[in-house]
Amino acid sequence: MQPQLKTAIKEIKLTLQIKGEKKEVSCYVYEYTQRCQELPQFPLGGNTVTIKKIVDGQRIEFEYLPIYSGFDIETTNVITDESKAAYMYHWQLVIASDEIGYIYLGRRWELFFDLYNRLVEFYRLGAVRKLLCWVANLGFEFQFLRKRLLWDEENFFAREERHPLAAPTKDGFDFREALSISGGSLAQLAKDFTTTQKLKGDLDYKIMRTWKTPLTDTEKDYCINDVAILAEWSSFIFSKYIYPDKKIPLTKTGLLRSEVRNELKNILGYQGTKDYKQLVQNAFPDCETYQYWFRWLFRGGYVHANITNTGYVIENAIGEDETSAYPAWMNFGYYPGTPFIARYDLENFSRYLKEKCCIITVKFTNIQRKTSISYESKHKCLELTDALIDNGRVATAGEMKVVLTELDWQIYTKLYKWESADIICLWTSEKIRLPKFILNVLNRHYLNKAKMKKAGLSGTPEYAIEKSGVNAGYGLLVTRMELSSVKYSNNLENWELKENDLDFEAEKAKQILLPQWGIWVTAHARWALFQPGFKIIDELGADYIIYNDTDSYKCRKHPRVLEIFEEYNKWIAKKIQSAGLTDPAFDDLGMFDLESPNITRIKTLGAKRYLTEEDGKIKATVAGMPKSAILNFDKDPFAAFDILGMELKADVSEKNTIHYEDNASEWIAPDGVKMTERSSAVIFEIAFTMKLDRFYRAFIESGLDERSVLGN
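Residues numbered from 1 in each chain as written. Predicted model: local features only at pLDDT ≥ 70, side-chain atom pairs only at ≥ 80, totals over all residues. Heavy atoms only, no water.

Looking at this structure, I do not really get the sheet that holds strand β13 (residues 314-322). What am I missing?
Whenever strands of a sheet pair, they do so through backbone hydrogen bonds, lying parallel or antiparallel. The 7 strands lie next to each other as β12-β25-β26-β13-β27-β28-β29, forming an open sheet whose pairing is antiparallel. A single partner strand is all that each edge strand has here, and the edge strands are β12 (303-305) and β29 (617-622). Taking the axes of each pair of neighbouring strands and ignoring which way they run, one obtains an average angle of 30° across the sheet. Examined bridge by bridge, strand β25 (residues 545-549) and strand β26 (residues 552-556) share 3 bridges and lie antiparallel to one another. Opposite Tyr547, over in β26, you have Lys554 as the bridge partner. This element, helix α14 (residues 515-539), spans β13, β25, β26 and β27 (592-604) of the sheet and lies at about 15° to β26. Against the sheet, helix α15 (residues 559-578) touches β13, β26 and β27, its axis set at about 5° to β13. (Pairing = 2+ DSSP bridges. Helix = DSSP H or I, 4+ residues; strand = E, 2+ residues; numbered from the N terminus. Axes fitted to C-alpha atoms, helices over the stretch in contact; angles between N-to-C directions. Contact = heavy atoms within 4.5 Å.)

Encoded structure:
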């Protein structure tokens, strides 16, 4: 007897984005309970979209169905002293078109693959015809699927082991990660891009469930919404990127890179673009130099606690934050525009520092900081002897060899003094502004974001796109070429990391941006951060600086401190005008904003470790600890936050980690149900422990009794 057509358990509405317009369609929810279960015909979709890809110089075309799909699973943990494993007890898959949608709920893998195979057959999927299926965090689901499917190894893409961004199967399903594009969590993706929202609460991994464990209607709704969000997200991606650009994005930086390429072609045309690319190739470093620069010359944001203000509570402080620091200095700064050439006429060193972009290899003898502010990271020192290290940064050294830009050299002259500085080699390049095709795209996003925020549209997908475009600008400049490949092997049923697998010259030929621009944008941001800091040090003393983090200050409260930041902002206003940014939306670009005017208490224990209290609310920035967990201490958090260390037990830490179980596992549940997995991922709670390096702790303790507590 043939199974009867199963009645949908529920109807929901999907709000899809069709050609830029929102459209509400009915979506029916079915429980998939048996093989070959009769179902309504799958959505037809319509004409496929051709996506072209170049592989080893050959153009390959894929046909993607205009079907909006998403997949998600719910799992339960089984953790013993000997092993950790997880088991899938519920899956949900959405398939939708512009006209109708279906969500299928199932409990066992064999039923999922029954449906999977029916979809492959119905849509005639394979090597060319593809169905795009979004997963929020693909690395998690992939760990359960990886030994159950055959993967298209040639078109598989991952930046790192365990984290695929594109995992196509040989059957024609193309699983893609959504969060690598949207950023944040699935809840944030929904807030930014979709009408359907993630329901509050979750299906706790700690509660043991099997495929026979009944779920409440509320729990089912939680599962339904998770994939409904992915269907709406898929329609947005089709409407915004796949239909117009014939490309499927992988990351938000990749989206911006595509825009920049198009802007380049629009401005310069075919021949101009070709000529420009040749200039880039001429100025591009060779492989050895490229790696050397990023190892020793590139530095990120300056994040550090002033040692004199570390380890105890300070009262009456302020917090100043720089508005869009990296976009600002992409507009205001200068950048290397020609090939670097070696300079041997060191008598002209001072002139080169003023007129050129410089790469300086220098060896300092008996170098020491002038105040309590330490600048250089010990990890950027080619040679370092007899050093005193202040939370990872050099306070003093007998000898120190480093590679600096001229901007870092200026910072050195303000913060360090030395017995001698031997310039080992000097390279210079001519200064240019970043090309218009980069700034046009960046500033268009910035302008649109500001206007939409002012118009009250900050909760729309359009605003999220503009905000993402601004935030991705920094990543666009500093993203490094990946010369190693990360693949998944069907034969090995495991990951393969191939070091230096890709040809440097071939990857270099694809570039339209110079890697030195990423080095200089971070150098400009550090230099700009220190400009008000230098004044504070000169006029009030270094004690007034408590903490820095890339584009922000925490300072002791003083009228002159506020005036110094206002003076800096007036200087920046001139920079804005000089850059031709006349729209009022740019008026605060790169300026410091008094974000926290009344910090009643602040305490820091080093980089990425500080607490603040403002208006009676305690906030924590402690590396590795969820922000809200600070309130779970059974005493004043400021007392618990101590140089002796602190600990939160697993049940209150709110901190999770993940264990990848690569072997098959089996579990007989208390209800007698046998659960099996070929591989799994276990997310579980762990304790949070903070311990200070013993040398850093001694460094702090050596001065605690002697410090004056200004402003208390």
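Just checking my understanding: could you explain the side chain of Arg148 for this structure?
Mapping Arg148 onto the fold places it in the loop between α2 (138-145) and β9 (157-160). Of the residues examined, Arg148 reaches a relative accessible area of 19% and is grouped as buried. Side-chain polar atoms of Arg148 contact the side chain of Glu677, separated by 3.3 Å. Apart from the residues within four sequence positions on either side, Arg148 is in contact with Trp109, Phe113, Thr676, Glu677 and Arg678. (Buried < 20%, exposed > 50% of the residue type's maximum accessible area, 1.4 Å probe, protein only. Polar contact = N/O pair within 3.5 Å; in protein donor to acceptor, adjacent residues only side chain to side chain.)

Help me understand the confidence of the model for the protein in this model?
Interpretation of this model should avoid reading the predicted coordinates in detail wherever pLDDT is low. Of the residues in the protein, 97% have a pLDDT of 70 or more, and the chain-wide mean is 93. pLDDT under 50 marks residues 705-712. Its contacts with residues more than four places away, or in other chains, come to 19 contacts. (pLDDT = per-residue confidence, 0-100.)

How should I be thinking about the pattern of salt bridges in this particular structure?
Evaluation of the coordinates by the stated rule reveals 34 salt bridges. A salt bridge links Arg299 to Glu376; the nearest nitrogen and oxygen atoms lie 3.0 Å apart. Here the residue Arg299 occupies a position in the loop between α7 (287-297) and β12, and Glu376 occupies one in the loop between β16 (357-369) and β17 (383-385), the gap between them amounting to 77 residues. By the burial criterion, Arg299 is buried, and Glu376 matches it. Three or more residues joined by partner-sharing salt bridges are found here, namely Lys535, Glu539, Arg560, Glu563 and Glu567. (Salt bridge = Lys/Arg side-chain N within 4 Å of Asp/Glu carboxyl O.)

It is not clear to me how the packing of helix α4 (residues 186-193) against helix α5 (residues 217-245) should be interpreted in this structure. Could you clarify?
Between two packed helices, the angle of one axis relative to the other and the distance separating the axes together describe the packing. Their axes nearest at 10 Å, the elements α4 and α5 cross at an angle of 50°. The angle between the axes of α4 and α5 places the two elements in the oblique class. The element α4 and its partner α5 pack so that their crossing is left-handed. Contacts between α4 and α5 involve Leu186, Leu189, Ala190 and Phe193 from the first element and Asp226, Ile229, Leu230, Trp233 and Phe236 from the second. Taken together, the residues that form the contact of α4 with α5 break down as 8 nonpolar, no polar and 1 charged. (Parallel < 35°, antiparallel > 145°, perpendicular 65-115°, else oblique. Left-handed = near helix turned anticlockwise from the far one by under 90°. Nonpolar A, V, L, I, M, F, W, Y, C, P; charged D, E, K, R; others polar.)

I keep staring at the pairing of strand β8 (residues 129-135) and nothing clicks. Help me out?
Each regular strand carries side chains that alternate between the two faces of the sheet. Taking burial as the measure, the 7 residues of β8 include 6 buried ones, the bulk of the element. Pairing geometry for strand β4 (residues 58-64) and β8, over 2 bridges, is parallel. Each residue of the ladder has a partner; that of Tyr64, found in β8, is Lys130. Relative to β8, strand β5 (residues 68-79) runs parallel, the two being bridged by 2 bridges. If you follow Gly70 over to β8, its bridge partner there is Trp134. Note that β8 and strand β11 (residues 173-177) share 5 bridges and pair parallel. Paired with Cys133 across the two strands is Phe175, which belongs to β11.

Can you walk me through the environment of Tyr544 in this structure?
By the element assignment, Tyr544 lies in the loop between α14 and β25. Note: C-alpha distance between Tyr544 and Cys555 (11 residues apart in sequence) is 5.5 Å.

Help me understand α7, please; the structure alone is not making it clear to me.
Along an α-helix, residues three or four apart share an orientation, since each turn contains 3.6 residues. Those residues of α7 that sit buried are Tyr290, Trp293, Phe294, Trp296 and Leu297. Here the buried face of α7 lies against β16, β19 (393-405), α12 (461-478), α13 (504-508) and α14.

Hey, could you run me through the packing of aromatic side chains in this one?
Evaluation of the coordinates by the stated rule reveals 67 aromatic pairs. A centroid spacing of 6.0 Å and a plane angle of 10° characterise the contact between Phe284 and Tyr290, whose relative ring orientation is stacked. The same class applies to Phe284 as to Tyr290, namely buried. One Lys or Arg, Arg480, reaches over the ring of Phe298 and ends 5.3 Å from the middle of that ring. (Phe/Tyr/Trp six-rings, centres within 6.5 Å; stacked < 30°, edge-to-face > 60°. Lys NZ or Arg CZ within 6 Å of the ring centre and 35° of its normal.)

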